[in-house]
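Given next are the chains, with one letter for each unit.
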Amino acid sequence: MPLTVERTSPTTLTVSRFFQAPPAQVFAAHVEPALMQRWLLGPDGWSMPVCEYDARAGGKIRFVWKNDENGASFSLTGEIKLIERGARIVHVERMHLPETTPDNTVDTRFVPEGTGTRMTMTMTVDDPTSMDAMVATGMTEGMEKSYARLETQAPR
Amino acid sequence: MGRAPPIDLESTLQALADPTRRAILTRLADGEATVTELCAPFDLTQPAISHHLKVLEQAGLIARRVDGARRPCRLAEGALRPLDDYLRPLREAMERNYTRLDALLVEMGDVEAAPPRAAPPRKTHPKQRGRPRVRRRRPAGRVENPPRKEL
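Residues numbered from 1 in each chain as written. Chains lettered and ligands numbered in written order. Predicted model: local features only at pLDDT ≥ 70, side-chain atom pairs only at ≥ 80, totals over all residues. Heavy atoms only, no water.

Some words on the interface of chain A and chain B
Phase 1 of the analysis: In this assembly, 41 residues from chain A lie in contact with 36 residues from chain B.
Phase 2 of the analysis: Buried surface at the junction of chain A and chain B, both sides included, amounts to about 3400 Å², of which 61% is carbon and sulfur.
Phase 3 of the analysis: On the chain A side of the contact with chain B, Gln25(A), Arg38(A) and Trp39(A) bury the most area, a combined 21% of that side's loss.
Phase 4 of the analysis: At the junction of chain A with chain B, the criterion picks out three salt bridges.
Phase 5 of the analysis: Arg17(A) serves as the salt-bridge partner of Asp102(B), at 2.9 Å between the closest nitrogen and oxygen.
Phase 6 of the analysis: Linking chain A with chain B are seven residue pairs in polar contact (both at pLDDT 80 or more).
Phase 7 of the analysis: For the side of chain A that touches chain B, the secondary-structure elements that each account for two or more residues are β1 (4-9), β2 (12-19), α1 (23-31), α2 (33-39), β8 (116-124), α3 (128-137) and α4 (140-152) of chain A.
Phase 8 of the analysis: Split by residue class, the side of chain A that touches chain B holds 25 nonpolar, nine polar and seven charged. (Contact = heavy atoms within 4.5 Å. Buried area = accessible area lost by both parts, 1.4 Å probe. Salt bridge = Lys/Arg side-chain N within 4 Å of Asp/Glu carboxyl O. Polar contact = N/O pair within 3.5 Å; in protein donor to acceptor, adjacent residues only side chain to side chain. Helix = DSSP H or I, 4+ residues; strand = E, 2+ residues; numbered from the N terminus. Nonpolar A, V, L, I, M, F, W, Y, C, P; charged D, E, K, R; others polar.)

Structure, rendered in structure tokens:
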């Protein structure tokens, strides 16, 4: 079930993925911290020691990822704008690398498809260079390189 | 630096920032088509479609050949490679997460699908000193390491 990622405009990215499970379960895996910590991890060697997710409009999000080998870490904070149980989440997020990335508005929908679920995630930023930066920070190699770089800098 | 190569990411993204142009590229992924054939799925005039084709051609995404009176369009060789290269690492990072999610969903499905277990007999084994066995839940937050094998 291939994932598709499309840069649907200079400021939007659309991700689409099919899951062989009902929408309620795929949705649950996106809003329950105990479940998110099992998969929302990025490359091998990273864990998610902090996973706070207040699943309601106005609720706050905070994730912290840590590299188990070298101790590097970065975080994400966000706010939920809208939740339709089992069907849709709209939230705003940004990463702290530690430099703060521009706000990214994410609209995630879970729609029944056959016996499973089609998840579509549309990410929108304010300007195209923000999207370029976001795609770059999504790169495994980029993240690890940025942490290698931080380690060589003088402590703040 | 010298002149930018004909297919650059910026032009590609501008060309793709239109749903009609994206749909045209999708159609051309199936093979060559003439302007008339490309117009068919859309509620647009031929000049409008021709304008879109011009944008795609100038971005180096499509090429046209002459076949008598027709000028069939095709995807230009390697046209989407810069975009694909640019998005591939992000796609791979997300796919790693979603592969884990697939496995988790199977587990969740197994838990839901399993018929309710009959209560285990309360008899205790001599070694257990009178305490009934309790199935322990894995503590929340403990993360399973994915297998170390390269996929």
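Considerations on the pairing of strand β4 (residues 60-67) of chain A
All names here are of chain A.
Phase 1 of the analysis: As defined by bridge partners, strand β3 (residues 46-53) adjoins β4 across six bridges and the pair is classed as antiparallel. In the strand pairing of β4, Ser-47 is matched with Lys-66.
Phase 2 of the analysis: Count of turn residues in the β3/β4 antiparallel hairpin: six residues, of which Gly-58 carries a positive phi of about 90°.
Phase 3 of the analysis: Strand direction decides the pairing type here: β4 and strand β5 (residues 73-84), joined by seven bridges, are antiparallel. What sits directly across from Ile-61, in β5, is Gly-78.
Phase 4 of the analysis: Counting the residues between successive antiparallel strands, the hairpin from β4 to β5 contains five residues, one of them, Gly-71, with a positive phi of roughly 75°. (Pairing = 2+ DSSP bridges.)

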